[in-house]
There are 4 protein chains.
Amino acid sequence: MRNIFGNALTLTIFGESHGECVGGVIDGLPAGLEIDMDYIMWEMTKRKSTVDISTTRNEDDVPLFLSGIKDGFTEGTSVAFIIPNKNARPSDYNELQGIARPGHADYAAQAKYEGYQDASGGGHFSGRLTSVMVTAGAILKKALQNKGILVSSHIKNLNGIEDADFDWNKVIEEMLDLNDKEFAVLDEEKGNLMIERIKSAREEQDSVGGILETVVYGVPAGTGEPLFTSIESEIAQAMFSIGAIKGIQFGKGFDFATMKGSEANDPFYVEDEMIFTRTNNNGGINGGISNGMPIVFQTVVKPTPSIGKVQHTVNFETMENVEIKINGRHDPAIIHRARTVVDCMTAFVMADLLVQRYGNRWLI
Amino acid sequence: MRNIFGNALTLTIFGESHGECVGGVIDGLPAGLEIDMDYIMWEMTKRKSTVDISTTRNEDDVPLFLSGIKDGFTEGTSVAFIIPNKNARPSDYNELQGIARPGHADYAAQAKYEGYQDASGGGHFSGRLTSVMVTAGAILKKALQNKGILVSSHIKNLNGIEDADFDWNKVIEEMLDLNDKEFAVLDEEKGNLMIERIKSAREEQDSVGGILETVVYGVPAGTGEPLFTSIESEIAQAMFSIGAIKGIQFGKGFDFATMKGSEANDPFYVEDEMIFTRTNNNGGINGGISNGMPIVFQTVVKPTPSIGKVQHTVNFETMENVEIKINGRHDPAIIHRARTVVDCMTAFVMADLLVQRYGNRWLI
Amino acid sequence: MRNIFGNALTLTIFGESHGECVGGVIDGLPAGLEIDMDYIMWEMTKRKSTVDISTTRNEDDVPLFLSGIKDGFTEGTSVAFIIPNKNARPSDYNELQGIARPGHADYAAQAKYEGYQDASGGGHFSGRLTSVMVTAGAILKKALQNKGILVSSHIKNLNGIEDADFDWNKVIEEMLDLNDKEFAVLDEEKGNLMIERIKSAREEQDSVGGILETVVYGVPAGTGEPLFTSIESEIAQAMFSIGAIKGIQFGKGFDFATMKGSEANDPFYVEDEMIFTRTNNNGGINGGISNGMPIVFQTVVKPTPSIGKVQHTVNFETMENVEIKINGRHDPAIIHRARTVVDCMTAFVMADLLVQRYGNRWLI
Amino acid sequence: MRNIFGNALTLTIFGESHGECVGGVIDGLPAGLEIDMDYIMWEMTKRKSTVDISTTRNEDDVPLFLSGIKDGFTEGTSVAFIIPNKNARPSDYNELQGIARPGHADYAAQAKYEGYQDASGGGHFSGRLTSVMVTAGAILKKALQNKGILVSSHIKNLNGIEDADFDWNKVIEEMLDLNDKEFAVLDEEKGNLMIERIKSAREEQDSVGGILETVVYGVPAGTGEPLFTSIESEIAQAMFSIGAIKGIQFGKGFDFATMKGSEANDPFYVEDEMIFTRTNNNGGINGGISNGMPIVFQTVVKPTPSIGKVQHTVNFETMENVEIKINGRHDPAIIHRARTVVDCMTAFVMADLLVQRYGNRWLI
């Protein structure tokens, strides 16, 4: 369905990077769900990441709700919102007319839309559209939190620098802490090293990537649907709608390749009349359905393709080989911002699966 | 949509491991598409993998087409088929009543369906349902091949043993060769080592996993849709409907974490009035849309959870801690069989995206 | 979505009139819903209508459930079933090769599928496929009945002969009575006149049509969704999937054309702390949403197009004008059979809307 | 899918009558489709119907396109637009707090949304949302016209006054003429009588309804899909999303009830190597698929429920019986405005079916 995602809850996305606005429509929310604008704005703030290491472009990304909300509560009908592009500067990109920026969708879009696409700043393929995902997902992230279900990510790895692991004995506390941080690491020292690495990349006119680790805590066992609507299928579909993400693994993921079955299987046990697993190699999911343990997955965020270094590429209008040097405001890393998008879209997916299971009144 | 996958082409799946049959319904095929039963049966044979290393259960998995096909050509209406479960032996599983097999969906299904699920052999969560994916996908795999688009996977890594890499100068030849092989490796010697490793695992009553690498060759630049219907989103959703798959990465995937933007970006160049990239780190996809280079991705297949070793687990009916030893026919590895499922579902996804772009008559 | 209907509950349909079978897949049912085969078979019997006036073809239409049901209860996964075509006689139709039967889909199907369609007996366009709708819908009709929601139709008008109107003071009783009848009229005398008229039509080698009136009783106010998922939109989409139906009207329907607003509006009133309307001109629906009054609509069933009289038409293969005389078993009326299809599909629609509102566990 | 309509082309709708705006998102349009704002504005003008007989509320309904269009051509990505509510006057409705206006969705919405709905002026259930349908549909109506496919309606019957019938020998001319008229009748004299009748209704503080007849001319035989995506199913689903429409009939519709099969069937004949039917009782559709003849259907538009007369009703907040007198700007008839909504939504449906058949590039 192209720009429409979800089943019982749907999100329709529109907009281009340097157009008038980006925006979305959420359908399927129950009537009477409270909209916490402060909560949404904090997620939006994390996505903009105003710390020094990030872009200086400040768009004051305040979503304007156009429908479906009255006096701070949902009305039960479709909720539309836009995020105006206040600071659009298409002139930054004019010199790029016809140029395929390496690592970007420019050429793929040209092949698809044959010149009619809005090319400025990536147009519909810009990371700008993730602000729509954050707005929509933040509403559900808050709703889930009210039901005792937490979603939180940290930067597991930035260009080789590894963060600490979750301490599962105090994971709730750690997850709440992470939600409060703009730069999401468990170990602040490692975080400082990561920030240094990002600054070095900027000085080199280059960029860096990394790995996010996401936990969903508190999902009741038995959530998710078989086959194509498995938790893994739905989360993966959502994650790959985020431009920079090129891989996802649940639980031990690619490490399963060198494990034996006897090591990989998570032994179940009963304690206090509840069922747990000793290990959580499968990331809380068996057969696509939650088994009650924390859902854990990792996503890889590639280095930002916009770099200041000279690059070889083509002009697809003149069909000539050319060199480019991308000027303007560019992030030497986006992983600390992508993390918020991952959190919010994960919340949207989990809410959709829970609504499919329990009906949308459950969200209230 | 639970058991329904796809957009312009849809696949509806039903059935349980030890029920009467498994089956599917394909909707959206054009009228006049030739059905090559030999082609389908070869894919089904590879899925069963009758080599020594595999299960001895032989189900003669012949799909019976119930509708939508006349004289070997599609009629344009919905194509339904079943694959009877000839050799079902539920008695093998009776002793497992109430037992959560570690690594399986038994407990998650219990939590979801509260005792009403068909538990025998995994029921609806059994790998048996992948025969439906193979039947449906094989039809599209053949149709794409007729249009010059090839899909093929090899076992990139089995429990640490690495296969050779594709030789991109003769990749078409290698892909066609792989399609002819039951055990899909580029380097036969490495293949023999892998087979030995699988046999050892069997002797240890254990199991092994690995990594598949899949190539889609010949997809025109500009294929795929933005955001939620990106090639990556659609392939990932399909791959995670296959029970054993726990991770997917496109192009360099998780290696992007330690690369710089200047290394990660694929420089474009023009040659003979066509556009290529020097490297293919992005796996042929930019912004979710094909750029004309081969589409490349890897999936990790976890070790088969059914193992002969004694395991700790629970009986969720009595809520007691128990030990189990799973008898019966079990694969010490399924990666060589999963590869066919991956090939066929990938073909289904790519055909769906191409039909969305060009209409379904394009498949003829 | 072509052959797939529904939102939270979906029905996928396949099959052709003279193929091996027709069948369907229901997805979205909760686990633990009891399947009452007697109830289903009584609906199937009414669809076959074994009374003299109907076709002599007896197919013993027993749905065979292939998946999703164990020990008489749903498992929570997709429920597939087939209805074998035991008595298929394609030879009856051989002489019709290339002939467009007037009033049938033969020529439209030829234009669409260009010769690949299964033409025998209408193929995928045959009324035979309504047995799939009855099987699927009967499951939900019974489930709704268990929740106090009744669906029932009568033959309001057969070729000009009018049945009595519902007596709203004893509508529950009348609806239950209708469900027990093979020929659904409120006034038996009028029913006998209708049967005579049908017999006359048969003697004339002709056929007759009529109007069905359907009531859904007990739907809680507030059921249905805005706009495209209104009760009216969903019921109408379902009704027009039944080949012979060419019109639908809710409440006063086409009579609204000559009414004033002051006559058409249904005045609300409060009694015993509940809200009712004095009249029910709007058929229980305002803005697409139920207002708690009985839902009432009428559908027109055109005369069976298969008649014994000589008819002028074309052979679309030779592109010649020809005459045909259709032999074989044909119904001089199908309205008394179509009534069951209308009942069952209406139940499916209402169940889908209620599941969207309350979640699928509500059905249990 | 609640507020989302369509298959290959989708329309997502949002907004409330007295909120900031109403709007929509169209997905699935090809890149390079020209947007003719004059054409859209003429359809919007007809929907507002500035003639004396209509409301004096003038909203200058100019759709603002937010995305997906550049230099007057579609970009291939999702097209979002809003129509601001410039002249919203919620104070008109304050006195109606808690009052269920007869014939309106107020009480049904209350039952559904439990007080969270936007009640002013009908909120999400207001006829105001049809301006979104007109904007979206007008784009496709123009695109179809460029391909030789015309959509046009006339007021067949207004409160008993009958317009002339189409003259099928000059139907193209008549359809183009109708498109140019604000008050769509074939016979101007009858039109004047209708206008008089509307004015009388206004003087009586009452309202009138009527019947629209719609023709789609030029649809190639073989368009439409079986069963649930039949032309009839899709058009009916769309039509019943328009609040005032309570019935639809294709071809002879409810008149089939008193016809014999020999009268109802449309005889085919060959002329100049093309196939036609002598009559068009089936309205150009057999088995849900077009047979190449003009598609003809009628919809009934109930009298506007907002009338000045005193009406009996309830206050659902206090649960008391009350009387109301609705002040403010109200249309004594909306059929002449609804006609444009019917035209535009019909165009959207037909374009969707044609795109499913031929791919979306066919629209260019």
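Whatever comes next refers back to the structure up there.
So, here is what we can say about the structure in this document. Model, not experiment: these values are computed from the prediction.

Looking at the sheet that holds strand S9 (residues 161–162) of chain D
Then comes step 1: Ordered in space as S9(C)-S8(C)-S10(C)-S16(C)-S11(C)-S11(D)-S16(D)-S10(D)-S8(D)-S9(D), the 10 strands form an open sheet in which the pairing is antiparallel. Only two strands of the sheet have a single partner each, and these edge strands are strand S9 (161–162) of chain C together with S9 of chain D.
Then comes step 2: One ladder, built from 8 bridges, connects strand S8 (residues 150–158) of chain C with strand S10 (residues 210–217) of chain C; its direction is antiparallel. In the strand pairing of S10(C), His154(C) is matched with Glu213(C).
Then comes step 3: Each of strand S11 (245–250) of chain C together with strand S11 (245–250) and strand S16 (295–301) of chain D touches helix H7 (residues 231–239) of chain D; the most contacted strand, S11(D), lies at about 160° to it.

Details of the interface of chain B and chain A
Where the parts come together, the accessible area they lose is often given as the size of the interface.
Then comes step 1: Counting from both sides, the interface comprises 101 residues of chain B and, opposite them, 101 residues of chain A.
Then comes step 2: Interface of chain B and chain A: buried area, both sides summed, is about 8000 Å²; carbon and sulfur atoms make up 61% of it.
Then comes step 3: Our enumeration of links across chain B and chain A arrives at 8 salt bridges.
Then comes step 4: The partner of Glu225(A) in a salt bridge is Arg2(B), with the nearest N and O atoms 3.4 Å apart.

Quick word on the nonpolar core
Then comes step 1: Among the nonpolar cores identified, the biggest contains 152 residues, and Met239(C), Ile248(C), Met239(D) and Ile248(D) are the most heavily contacted of them.
Then comes step 2: Judged by nonpolar contacts, the second largest core, of 150 residues, contains Val151(A), Ile295(A), Val342(A) and Phe348(A).

Here's the deal with the interface of chain A and chain D
Then comes step 1: Chain A puts 40 residues into the contact, and the matching count from chain D is 41 residues.
Then comes step 2: Each partner contributes to the roughly 3200 Å² buried at the junction of chain A and chain D, and carbon and sulfur atoms together form 55% of this total.
Then comes step 3: In terms of surface lost to chain D, no three residues of chain A exceed Leu66(A), Glu75(A) and Tyr116(A), which account for 19% of the buried area on that side.
Then comes step 4: Our enumeration of links across chain A and chain D arrives at 2 salt bridges.
Then comes step 5: With a closest N to O distance of 3.4 Å, Glu114(A) and Arg361(D) form a salt bridge.
Then comes step 6: There are 13 residue pairs in polar contact (both at pLDDT 80 or more) connecting chain A and chain D.
Then comes step 7: When residues of the side of chain A that touches chain D are traced back to their parent elements, those giving at least two are strand S2 (10–15), strand S3 (21–27), strand S6 (73–74) and strand S7 (79–84) of chain A.
Then comes step 8: Broken down by element, the residue count for the side of chain A that touches chain D peaks at 5 residues, all from S2(A).
Then comes step 9: Its residues assigned to classes, the side of chain A that touches chain D comprises 15 nonpolar, 16 polar and 9 charged.

Structural notes on the environment of Ile155(C)
Then comes step 1: Its place among the elements puts Ile155(C) in strand S8.
Then comes step 2: Excluding residues within four positions of it along the chain, Ile155(C) makes contact with Asp163(C), Phe183(C), Ala184(C), Val185(C), Met194(C), Ile211(C), Leu212(C), Ile335(C) and His336(C).

About the thresholds
Residues numbered from 1 in each chain as written. Chains lettered and ligands numbered in written order. Predicted model: local features only at pLDDT ≥ 70, side-chain atom pairs only at ≥ 80, totals over all residues. Heavy atoms only, no water. Pairing = 2+ DSSP bridges. Helix = DSSP H or I, 4+ residues; strand = E, 2+ residues; numbered from the N terminus. Contact = heavy atoms within 4.5 Å. Axes fitted to C-alpha atoms, helices over the stretch in contact; angles between N-to-C directions. Buried area = accessible area lost by both parts, 1.4 Å probe. Salt bridge = Lys/Arg side-chain N within 4 Å of Asp/Glu carboxyl O. Core = buried A, V, L, I, M, F, W, Y, C linked by side-chain atoms within 4.5 Å. Buried < 20%, exposed > 50% of the residue type's maximum accessible area, 1.4 Å probe, protein only. Polar contact = N/O pair within 3.5 Å; in protein donor to acceptor, adjacent residues only side chain to side chain. Nonpolar A, V, L, I, M, F, W, Y, C, P; charged D, E, K, R; others polar.

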